[in-house]
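Structure at a glance
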Amino acid sequence: MPFLSHLSSLMQPAKPKPAAHLAAPRRKQRLLQSIWPFVALAIVQTVLAISSLHILGAMRAFSSGESQWSKGQKDATYALARYAVSADPAAYEQFHQGLHIPLSDLQARLMLEEQGYPARPQASMLLLQGHNEPEEINALIWLTVYFKHTETIGQLLARWRDSDEPLQALQTLAGDIYACLQLAPPTPAQKQSWLAQINALQIQLSEAERAFNKVLGDTSRTLNAWLWSINIGIAVAMLSLLMGHTWRLQRKTARAEDELDIVSERASTTLAAIGEAVITTDAAGHVMYMNRAAEELLGLSLDELLSCELAQHMHAAPPSSPSQDLAIPLVQTAISEALQGREHPRDTIFRLYDAQHHTREVKLAFTPIGDQDGTIEAVFVLHDVSQEQSYIRELAWQATHDQLTGLVNRYEFERLLGLLLAQTAHGPVHATGNAIMYLDLDQFKVINDTAGHMAGDAMLRAISAMLQRCLRAGDTLARVGGDEFAILLTHCDFDEAQRLAEQIRDAAQNVRIQWGERSLSAGISIGLVKLASPLSSVAEVLRVADMASYGAKQRGRNTVYAYDPGVDQEIARYVGEMEWVERIKSALEGGHFCLYAQAIGALSSTADAAAGGGLHIEVQIRMRLPDGNIISPVLFIPAAERYGLMPMVDRWVVKQTLQTLAHLQKTAQAPAISCCAINLSGTSLGDERLLGFLQEQIALHGVDPHTLCFEITETAAITHLPNAIRLVNALKALGCRFSMDDFGAGVSSFSSLKNLPVDFLKIDGAIVKDMLHEPAHRAMVEAINHLGHALGMKTIAEFASTPEIVEALRSMGIDYAQGYAISRPQPFSDPTAAAPPTNSLH
C-alpha cells in the first residue's frame, strides 16, 4: 500500500558512510562485519517500535478526536432541536458550545492541509479547543501532515471532510432559526420543518461518523498486520543469522507484545469511559462483552450476563407499570427482532427497566458483524434519552398549561373548543348539547392592590381548587386570563349547565383565604353560553362568552348571565356595539370621520336677524367606510355613549369644526356663517376639563366666539347641572351661544331652563313630526314655544320634514325650523350647499 511503502521509506536506515580510517585494525573490521546485520536489524526494530508507537498513538488520537467530535455534534443538534421548539436562549448557547468542538477540529485540519507543518501552533490551539488530549495533538498533526497523500490516511481525511458540509449547513440553519425567532413566534409548521432539517443533518453526520470509524478501523487493522509481519520477518532473519541472538529477539518480541497489550488496555479503557451502553453478542444474542455504561443501565454485570441470552435476562416490566409506559415497546423485544433481521428506525424510543424497576427510555443502534456466511457477532449501542424525553414532556406540558394553577391555558382551551365545534359541525349533535362558562372574579384588582400579588395568586389557586371540585368528569377547566377562567361543558343540558353555574357562584362566596390578619374573598360573575347556531367559531364563542360575563357584571356582579343564541338578543346587541366601538376607535385613529352641516332656517325676518343674518347651521358627524359609504351617527353614537368614547368624539368634532370655520372666515366665503351649532354629549358635559379645552381651541384657531353655539341635551344638563351652569356662564362671557337640544323628550324640567341661560330651545323632533296628526303633540309644541318666548329664548323645531309642517310651525310663531323641508345635511367643506332658499321661508 502507498501508505505502508511511504512509512517503510521513512524507516529505512541511512547508508553507512565510508570508514574514516582505512588502516583500522582488521579485527575491528571483522567484528563490524559480523555484527552490522544485527545492528542494522536492531536499528530497524527500534525505529519500527518507535514509529509503531507514534502511529498507533496518532490513530488513537484520531479515535479520541472522533469521539469528541461526535459527542459535540450530537449535543449541538439536540440543543438546536430544543431551541427550535422552545426558543430557550440557553439551548441556543448549548448549541454553539457543542458545535464549537467539531468546527475547531475542522479548522485545524484545513490549516494543516493547506499550510502543512508551519501551521502547527495555530492548529494545536484549535485541536485543543476541539477537546483533543494535549499529549496526542502532536501525533495527530504529524500523521495528518506527512501521510495525507497516502491512500489510507487520505481515505481517513476524506471521510472526515464528508462531515464539513453538514456541519456548515447545521450552523447556517441555526442562524436562520435564530433570525426567525427574533422576528415573530414560529408556527407549528415552521417548527416541524426545522426539526426535519435538523434530523436530516444529524443523519448525514451519523453516516459520516460511521464511514470515518470504518476507515479508521481498517487502517488500524492494516497497520497491526504490517507491524506483525515486520516483527516476524526480523525474528526469522535473526534466528537464521545466529541462534545465539534468539533471546534478544524474544525480548524485543516481548516488548512489542507488551506495547500491544497497553494499546489494547487503553482501547478497553476508552470503551469503558464512553457514556453510551455498548453490548456485543454472538449471532444468537448471547452476551460476549458489555462496557461499564451498559452494566449501569441494565443493572446487571458482565459476569451475570456473560454467555447468557441478552433479551431473556433483561428486567421485565413490573406489574404496576403505568399505562402510558406500556405504549412504548420494550428494548429486549427490539433486540430479538434486530437479531432476526427486523430493525426499527434509529429514532425509535424503547422502554427499559433497571435493577430498581425504574423506567428508562433508550434509543437502540444495531450493527451486525459478519462475513459471507452471515452474521457472526452483533454490537448494540443503547443511548439513554430518559432525561431528554422528560424535558420534552415538560415543555409540552408547559405549552398547554398555566404555571400558577396547573390548569389548561388559553391556547389549549381554544384548541379543545375548536375540536368540539368542528365535531359538532360535521357530526351528529349530542342530544344534551354543549355549553361554555366564562368566569371573571369580582373585585380581584382590590385584592392585588391592597394585599399584594402573592395574595392574588393564592386566591387564584383557591378558586381553581374550588372550581375543580364543582366540575363533572370530562369537563375542561382553563385559566384564560389574569382573573378569568373558562369551563367547557360537554354533553350538558343547558338547564343543568345553569344549575352548575349557580352552584359554582354559591361555592365561590364561601372561598376564603387567610392572609396575615385579613380574610380575603372574591365573588364570581359568570357568563354561560349555549353552544348552538349561529356560534360556529372559537373567536365568536369566546367573544360572546366574554360579553355574557360582562352582562353578569352589569347586573350587579356575583351573578350568572345565561345566554341561549336562539332566544336571547341582548348579547347580540352587546356584540354589535363592541364592533362599533372598534370601528369608532379605528375611525378616530385613521381619520375616517367627516363633518356634515344642516341648515336651520329662520321662519321670520326677526328670527333671521337674531341669528346674525348669515348661515345658521348645525354640524353633524358622519363615519366614512373604506368603500366610500357614509354612515349615520344614529348607528354608532349609542355605542360611543355606552362605552365612554363620546369625549374623544366630541373633541374631534370641536377641533375639526373650529379649523374649518377659521378657514372659511379667512377666505371670506359668502354667505358667511353667523351661527354654527356644535353638539356636546352628556359625558363631555360631566368632564371638568371640557371648559379649558373649548377655551384653548377657540383661542388657538382664532374663531369669532359669537358665531359658535353649543348644543346640550335637556337630560345631560339636568344630570350634570353644576358643570353645565359653569360651562354656559363661562362661554357666554366670551360671546358663545347655547341651545337646549331635544327639549320635551326628557323630564322637561322648567327649573333647568331658569338656571341655564340658553339662547335657543330646540323642540324634540319626535313631537314635531306627528303634530299635524296628533293634537296632543301640536299642543306640546305650542306650549314649549310659549315657554321659550316667555323666558326670552328663540325656539327651533326639529324634524320639519314637509312644507306643511313648516307652515304650521310659522303659524304658531316658531322662530326656526330644521329638517329635510329646509335643507338636507351637506359636507361641511361646502356649507353654502346646505343654505335654504330664502324666498321659501319668510
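Calculation criteria
Residues numbered from 1 in each chain as written. Predicted model: local features only at pLDDT ≥ 70, side-chain atom pairs only at ≥ 80, totals over all residues. Heavy atoms only, no water. 1 Å grid on protein atoms, 1.4 Å probe; cavity = no way out; pocket = protein on both sides within 12 Å on 5 of 7 lines; lining within 4 Å. Points joined across faces, edges and corners; volume = space filled by probe spheres on them. Helix = DSSP H or I, 4+ residues; strand = E, 2+ residues; numbered from the N terminus. Nonpolar A, V, L, I, M, F, W, Y, C, P; charged D, E, K, R; others polar. Expected span 1.5 Å × (residues − 1). Buried < 20%, exposed > 50% of the residue type's maximum accessible area, 1.4 Å probe, protein only. Axes fitted to C-alpha atoms, helices over the stretch in contact; angles between N-to-C directions. Parallel < 35°, antiparallel > 145°, perpendicular 65-115°, else oblique. Left-handed = near helix turned anticlockwise from the far one by under 90°. Contact = heavy atoms within 4.5 Å. pLDDT = per-residue confidence, 0-100. Salt bridge = Lys/Arg side-chain N within 4 Å of Asp/Glu carboxyl O. Pairing = 2+ DSSP bridges. Phe/Tyr/Trp six-rings, centres within 6.5 Å; stacked < 30°, edge-to-face > 60°.

Okay, the layout of surface pockets next. What the second largest pocket holds in volume is close to 1,300 Å³. Along the walls of the second largest pocket sit 38 residues, with E618, Q620, P633, V634 and N679 positioned nearest its centre. Elements that contribute at least two residues to the lining of the second largest pocket include exactly β14 (593–599), β16 (615–624), α23 (633–642), α24 (646–667), α25 (682–685), β19 (708–713) and β20 (737–743). Considered class by class, the residues forming the lining of the second largest pocket number 17 nonpolar, 12 polar and nine charged.

Before going further, it helps to examine helix α7 (residues 164–183). In this model, α7 (20 residues) spans 29 Å end to end at C-alpha, consistent with the 28 Å of a helix rising 1.5 Å per residue. Regarding α7, the residues found buried are D164, P166, L167, L170, L173, A174, I177 and L181.

Turning our eyes to something else, we now look at the packing of helix α3 (residues 89–115) against α7. Across the interface, α3 lies against α7 with an axial gap of 11 Å and an inter-helix angle of 150°. The orientation of α3 with respect to α7, classified from their angle, is roughly antiparallel. The hand of the α3/α7 crossing is left-handed. Between α3 and α7, the residues in contact are Y92, F95, L99, P102, L103, L106 and R109 and D164, L167, L170, Q171, A174, G175 and Y178, respectively. The residue makeup of the contact of α3 with α7, split by class, is 10 nonpolar, two polar and two charged.

Of the residues in the protein, 88% reach a pLDDT of 70 or more, and the chain-wide mean stands at 82. With pLDDT under 50 throughout, residues 1–24 is counted as low confidence; its partners more than four residues away or in other chains account for 29 contacts.

So, about the environment of L205. Relative to the helices and strands, L205 resides in helix α8 (residues 188–241). Put simply, L205 and K74 are 131 residues apart on the chain and 8.9 Å apart in space, counted from C-alpha to C-alpha.

So, about the pattern of salt bridges. Taken as a whole and assessed by the stated rule, the structure comprises 26 salt bridges. In this structure, the salt-bridge partner of R410 is E414, at a minimum N-O distance of 3.0 Å. Placement of both R410 and E414 in helix α16 (residues 410–426) is noted, with a separation of four residues, approximately one turn of the helix. On the basis of relative accessible area, R410 is assigned to the partly exposed category, the value being 32%. A salt bridge links E782 to R778; the shortest N-O distance between them is 3.8 Å. Within this pair, E782 and its partner R778 are both found in helix α31 (residues 775–790), separated by four residues, close to a single helical turn. Residue classification places R778 among the partly exposed residues on the basis of a relative accessible area of 29%. Linked through salt bridges whose partners overlap, the residues forming this network are R109, E113, R161 and D164.

Across the sheet, which stays open at both edges, the five strands sit in the order β2-β1-β5-β4-β3 with antiparallel pairing between neighbours. Only two strands of the sheet have a single partner each, and these edge strands are β2 (287–290) and β3 (349–353). Taking each pair of neighbouring strands and ignoring which way they run, the sheet shows an average axis angle of 35°. Pairing of β3 with strand β4 (residues 359–371) involves five bridges; the strand directions are antiparallel. Residue pairing across strands places Y353 opposite T359, the latter belonging to β4. Across the sheet, helix α15 (residues 386–400) lies against β3, β4 and β5 (374–384), angled at about 135° from β4, the strand it touches most.

With that settled, the discussion passes to the environment of D564. Summarising the element assignment, D564 is placed in the loop between β13 (560–563) and α21 (570–590). Those residues in contact with D564, other than ones at most four positions away along the chain, are F494 and K530.

When the terminal C-alpha atoms of α24 are compared, their 31 Å separation across 22 residues agrees well with the 32 Å that a helix rising 1.5 Å per residue should span. Just downstream of α24, A668 is the residue with a positive phi angle, here 55°.

Taken together, six strands build an open sheet; the order of strands is β6-β8-β9-β7-β12-β13 and the sheet is mixed. The sheet is open, and its two edges are formed by β6 (408–409) and β13, each paired on a single side. By the bridge criterion, four bridges tie strand β12 (residues 524–530) to β13 in an arrangement that is parallel. By the bridge assignment, L528 is partnered in β13 with A562. Each of β7 (435–441), β12 and β13 is contacted by helix α20 (residues 538–554), which is oriented at about 135° to β12, the strand it contacts most.

Next up on the list: the packing of aromatic side chains. If you walk through the whole model with that rule in mind, you get 10 aromatic pairs. Measuring from centroid to centroid gives 5.7 Å for F593 and W652, while their planes differ by 55°, and the two rings are tilted. Taken together, the residues span a long stretch of sequence, with F593 in strand β14 and W652 in helix α24 at a distance of 59 residues. Classification of F593 by relative accessible area gives buried; the value is 5%.

Okay, unusual backbone geometry next. A positive phi is found at A87, a non-glycine position, where the angle reads about 60°. Mapped onto the elements, A87 comes out in the loop between α2 (26–86) and α3. For A87, a relative accessible area of 36% translates into the label partly exposed. Positive phi, close to 50°, is recorded for H491, a residue that is not glycine. One can find H491 in the loop between β9 (484–489) and α19 (494–509).

All right, on to the pairing of β12 then. With six of seven residues buried, β12 is to be regarded as a mostly interior element. As paired strands, β7 and β12 are joined by seven bridges and run antiparallel to one another. What sits directly across from L441, in β12, is I524.

Turning to the packing of α3 against helix α4 (residues 120–129), a few remarks are in order. Close contact between α3 and α4 brings their axes to 7 Å; oriented N to C, the two are set at 160°. Taken together, the axes of α3 and α4 are roughly antiparallel relative to one another. Of the two elements, α3 crosses α4, and the hand of that crossing is left-handed. Contact residues: H100, I101, S104, D105, Q107, A108, M111 and L112 in α3; Q122, A123, L126, L127 and Q129 in α4. Residue classes in the contact of α3 with α4 are distributed as seven nonpolar, five polar and one charged.

Quick look at the pairing of β2 now. Two strands pair when backbone bridges link them, and strand β1 (residues 277–282) and β2 are joined in this way by three bridges, in the antiparallel orientation. Along β2, the bridge assignment pairs I279 with M290. Where β1 folds back onto β2 in an antiparallel hairpin, the turn is made up of four residues, including G285, whose phi is positive at roughly 90°.

One pass over the structure, following the stated rule, counts five cavities of 30 Å³ or more. Empty space within the largest cavity amounts to approximately 150 Å³. Contributing to the lining of the largest cavity are 15 residues, with G65, E66, W69, W160 and F212 lying nearest its centre. Mapped by element, the contributors of at least two residues to the lining of the largest cavity are α2, α6 (151–161) and α8. If one sorts the elements of the lining of the largest cavity by residue count, α2 sits on top with five residues. Of the residues belonging to the lining of the largest cavity, the class tally is eight nonpolar, three polar and four charged. In this structure, the second largest cavity occupies an estimated 90 Å³ of space. What lines the second largest cavity is simply A334, A338, E343, H344, P345, R346, F350, L364, A365 and F366.

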